[in-house]
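# A closer look at the structure
Here is what each chain is made of, one letter per residue.
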Amino acid sequence: MAYPNPSKGNVNVLLYSKVDAKATVSLFDVTGKEIYVSEVQLTTGKNEIDFNVKVKPGVLFLKVNSTQTDYGTSKIIFR
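Okay, so let's go over this structure. (Residues numbered from 1 in each chain as written. Predicted model: local features only at pLDDT ≥ 70, side-chain atom pairs only at ≥ 80, totals over all residues. Heavy atoms only, no water.)

### Looking at the overall build of the chain
In terms of helices and strands, the chain carries zero helices and seven strands. Against the 2.2 N^0.38 benchmark of 12 Å for 79 residues, the chain shows a C-alpha radius of gyration of 12 Å, consistent with a compact globule. The principal-axis extents of the C-alpha atoms in the chain amount to approximately 35 × 20 × 15 Å. Taken over 79 residues, the chain has a buried fraction of 34%. Once local pairs closer than 6 in sequence are excluded, the contacts in the chain between residues at least 24 apart make up 54%. Total accessible area computed for the chain in this model is approximately 5100 Å², and 52% of it derives from carbon and sulfur atoms. (Helix = DSSP H or I, 4+ residues; strand = E, 2+ residues; numbered from the N terminus. Rg over C-alpha atoms; globule rule 2.2 N^0.38 Å. Buried < 20%, exposed > 50% of the residue type's maximum accessible area, 1.4 Å probe, protein only. Contact = heavy atoms within 4.5 Å. Areas by Shrake-Rupley, 256 points an atom, 1.4 Å probe, with all protein chains shown as cover.)

### Concerning unusual backbone geometry
Omega for the bond connecting tyrosine 3 with proline 4 falls within 30 degrees of zero, at -10°, which places this linkage in the cis form. Of the consecutive residues asparagine 5 and proline 6, the connecting peptide bond is found in the cis state with omega at 10°. Inspection of the secondary structure puts proline 6 in the loop between strand 1 (2–3) and strand 2 (10–17).

### Structural notes on the packing of aromatic side chains
If you walk through the whole model with that rule in mind, you get one aromatic pair. Relative to phenylalanine 51, the ring of tyrosine 36 has its centre 5.1 Å away and its plane inclined at 10°; by these criteria the two rings are stacked. Taken as a pair, tyrosine 36 in strand 4 (residues 34–42) and phenylalanine 51 in strand 5 (residues 45–52) lie far apart in primary sequence, 15 residues in all. For tyrosine 36, a relative accessible area of 22% gives the class partly exposed. (Phe/Tyr/Trp six-rings, centres within 6.5 Å; stacked < 30°, edge-to-face > 60°.)

### Focus: the nonpolar core
Counting 17 residues, the largest nonpolar core has Val13, Ile49, Phe51 and Leu62 as its most contacted members. Sorting the residues of this core by element identifies strand 2, strand 3 (21–28), strand 4, strand 5, strand 6 (58–66) and strand 7 (70–78) as the ones contributing at least two each. For leucine 62, the contacting residues outside a window of four places in its chain are Ala2, Val13, Val25, Ser26, Leu27, Phe51, Gly72, Thr73, Ser74 and Ile76. (Core = buried A, V, L, I, M, F, W, Y, C linked by side-chain atoms within 4.5 Å.)

### Some details on the sheet that holds strand 4
Strands belonging to one sheet form pairs held by backbone hydrogen bonds; the direction of such a pair is parallel or antiparallel. Strand order in this open sheet of four strands is 4-3-6-7, and the pairing throughout is antiparallel. Strands with a single pairing partner mark the edges of an open sheet, and in this sheet they are strand 4 and strand 7. Averaged over all pairs of adjacent strands, the angle between their axes in this sheet comes to 20°, without regard to strand direction. (Pairing = 2+ DSSP bridges. Axes fitted to C-alpha atoms, helices over the stretch in contact; angles between N-to-C directions.)

Note that every value here comes from positions in space, so none of it alone points to a role or purpose.
Here you go:
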């Protein structure tokens, strides 16, 4: 789950992990171009990831995945 949506650049991601893992957080535009990427360390259980990006207004896709798990993709509207 990513919030707030729509966002002005500050994004919080809430997810649950079954294992400790290094994960990659990526933002993509509608053409599939990677706009932002960051490595994070996840722990077993609830994880909250906060980041702030400066992007043009529009729709972007947030993807979180690790070598073991694909945590899914969320659509975020940036103002």
